[in-house]
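Residue-level structure breakdown
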Amino acid sequence: MHLFVDNLTNVDFSYLDPKRGIVGETWLADAALDGALDEQGMVCDFGIVKKTLRHWLDDQVDHRLLVPTRSPQLTLEHKETQVNLTWQLQSGASISVSGPEQAFALVDAETITADSVAVWCVQQLASHFPDSVEKLKLNFHCEHIEDAFYHYSHGLKKHLGNCQRIAHGHRSRIQVMTDGQRNKAREKYWAERWEDIYLGTREDLVSTTQDDRGEKTHHFAYRAQQGDFTLSIPAKACEILDCDTTVEQLAQYIANALAAEEPGIAITVRAYEGIGKGAIASAKTH
């Protein structure tokens, strides 16, 4: 018997890629289970399936940095409950991240893809279901977005939940209205500006260094409720804001920037944070 649950949940996270660097991502998760019928005439109660999978994905994948532990680009070190890693980019630059181990998902794979993460998740979940379940399959996929979207990563040190982790992210659509009309050109501009971007808060920037090639690196650090976090990342992969990077403030940041470029025009920005949630901000300069 085959049991399925489509659009079970969605996960927001970042992952390490040799070319793109730290990539903010959002995936929808589908699940399927094969097995024999139990005494209730079920493979597994839908309530158990949904609760078990959602809880595990929320705890082990959502708002973490996914790290492919078999990648040759990776240097990884554990110090008690702290993880320190360096990620070598194809460009010759590198990214370094440190934080509590709960901020990372150490995926047994060479690369982070929807398939490799699904296989790893199934391996981790093998003991979480009753004997009637013979096979579990997960499928991750992106939300279909016809218009503009960007991938961004960030950290919110003041957040009391998992958003405080310095390298987690989202795949998010953006909509811009100028004087009440959709402006797809402006949406496209911001989608390209924030393609695979790290959005940093200026007060978390501790220094900027420059190597022999003239390439700059930004170094961020902060202490949050879960522990100490650091991130060093090529400056060209960052945009630094004079505010925190909550979706409310990101929407206002974009609206203010657009209003400054077009005096007298009413700007409204609908910025998403992953799927189905976000913030709306307006601005107008004279």
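Residues numbered from 1 in each chain as written. Predicted model: local features only at pLDDT ≥ 70, side-chain atom pairs only at ≥ 80, totals over all residues. Heavy atoms only, no water.

**Some points on the overall build of the protein chain**
Within the protein chain, the secondary structure is distributed over 4 helices and 18 strands. Computed over the C-alpha atoms, the radius of gyration of the protein chain is 21 Å, within 12% of the 19 Å expected from 2.2 N^0.38 for a compact globule of 286 residues. Expressed as a percentage of its 286 residues, the buried residues of the protein chain come to 49%. For the protein chain, long-range pairs separated by at least 24 residues make up 64% of all intrachain contacts whose partners lie at least 6 apart in sequence. (Helix = DSSP H or I, 4+ residues; strand = E, 2+ residues; numbered from the N terminus. Rg over C-alpha atoms; globule rule 2.2 N^0.38 Å. Buried < 20%, exposed > 50% of the residue type's maximum accessible area, 1.4 Å probe, protein only. Contact = heavy atoms within 4.5 Å.)

**What to know about the pairing of strand 10 (residues 168-178)**
The buried fraction of strand 10 amounts to 8 of the 11 residues, a majority that puts the element mostly inside the structure. Bridge count for strand 9 (residues 149-154) against strand 10 is 6 bridges, and the pairing is antiparallel. In the sheet register, Tyr152 faces strand 10, and the bridge partner there is His170. Across 5 bridges, strand 10 lies against strand 17 (residues 267-272) in antiparallel orientation. Across the sheet, Thr178 pairs through a bridge with Ile267, a residue of strand 17. Here strand 10 runs beside strand 11 (residues 181-182); their pairing, made up of 2 bridges, is antiparallel. Pairing of Met177 across the sheet is with Arg182, part of strand 11. What sits between strand 10 and strand 11 in their antiparallel hairpin is a turn of 2 residues, with Asp179 showing a positive phi close to 50°. (Pairing = 2+ DSSP bridges.)

**Let's talk about the side chain of Glu187**
Structurally, Glu187 can be placed in helix 3 (residues 184-193). A residue is classified by how much of its surface remains accessible, and Glu187, at 1% relative accessible area, is buried. Side-chain polar atoms of Glu187 contact the side chain of Arg182, separated by 2.7 Å. (Polar contact = N/O pair within 3.5 Å; in protein donor to acceptor, adjacent residues only side chain to side chain.)

**A closer look at the environment of Glu80**
Tracing the backbone shows Glu80 in the loop between strand 4 (74-79) and strand 5 (82-88). Given the relative accessible area of 78%, Glu80 is considered exposed. In this structure the C-alpha to C-alpha distance between Glu80 and Asp6, which are 74 residues apart in sequence, comes to 39 Å.

**Observations regarding helix 3**
All buried positions along helix 3 are accounted for by Glu187, Trp190 and Ala191. Axial view of helix 3: buried residues confined to an arc of 105°, hence all on one face. Buried residues along helix 3 sit against strand 9, strand 10, strand 11 and helix 4 (247-261). (Arc of directions from axis to C-beta.)

**Examining the layout of surface pockets**
Considering only enclosed or pocket space, the largest pocket measures out at about 230 Å³ in volume. Forming the boundary of the largest pocket are 17 residues, of which Lys19, Arg20, Gly21, Leu89 and Ala237 lie nearest the centre. Breaking the lining of the largest pocket down by element, the ones donating at least two residues are strand 2 (21-35), strand 12 (197-201) and strand 15 (227-234). Classifying every residue of the lining of the largest pocket gives 10 nonpolar, 3 polar and 4 charged. One number sums up the size of the second largest pocket: a volume of about 150 Å³. Forming the walls of the second largest pocket are 13 residues, and the residues nearest its centre are Leu156, His159, Cys163, Asp244 and Thr246. (1 Å grid on protein atoms, 1.4 Å probe; cavity = no way out; pocket = protein on both sides within 12 Å on 5 of 7 lines; lining within 4 Å. Points joined across faces, edges and corners; volume = space filled by probe spheres on them. Nonpolar A, V, L, I, M, F, W, Y, C, P; charged D, E, K, R; others polar.)

**Description of the packing of helix 3 against helix 4**
Following both chains from N to C, one finds helix 3 and helix 4 inclined at 125°, their axes separated by 12 Å at the closest point. By the angle between their directions, the pair helix 3 and helix 4 is classed as oblique. Between helix 3 and helix 4 the crossing geometry is right-handed. Across from Arg186, Trp190 and Arg193 in helix 3, the residues of helix 4 making contact are Tyr253, Ile254, Ala257, Leu258 and Glu261. Here the residues of the contact of helix 3 with helix 4 sort into 5 nonpolar, no polar and 3 charged. (Axes fitted to C-alpha atoms, helices over the stretch in contact; angles between N-to-C directions. Parallel < 35°, antiparallel > 145°, perpendicular 65-115°, else oblique. Left-handed = near helix turned anticlockwise from the far one by under 90°.)

**What about the packing of aromatic side chains?**
In this description, a pair of aromatic rings is defined by centroid distance and the angle of the planes. Inspection of every chain in the model, using the stated rule, returns 12 aromatic pairs. An angle of 70° between the planes, with centres 4.8 Å apart, marks the rings of Phe13 and Trp27 as edge-to-face. Pair noted here: Phe13 is in strand 1 (residues 2-17) and Trp27 is in strand 2, with a separation of 14 residues, a long-range link. When the ring of Trp194 is compared with that of Tyr253, the centres are 6.2 Å apart and the planes differ by 10°; the resulting orientation is stacked. Pair noted here: Trp194 is in the loop between helix 3 and strand 12 and Tyr253 is in helix 4, with a separation of 59 residues, a long-range link. According to the relative accessible area criterion, Trp194 is buried, its value standing at 0%. In this structure Tyr253 comes out as partly exposed when scored by relative accessible area, which is 23%. When the ring centre of Phe149 is taken as reference, the NZ or CZ atom of Arg171 above it lies at 4.2 Å. Note that Arg173 overlies the ring of Tyr272, its terminal NZ or CZ placed 5.4 Å from the centroid. (Phe/Tyr/Trp six-rings, centres within 6.5 Å; stacked < 30°, edge-to-face > 60°. Lys NZ or Arg CZ within 6 Å of the ring centre and 35° of its normal.)

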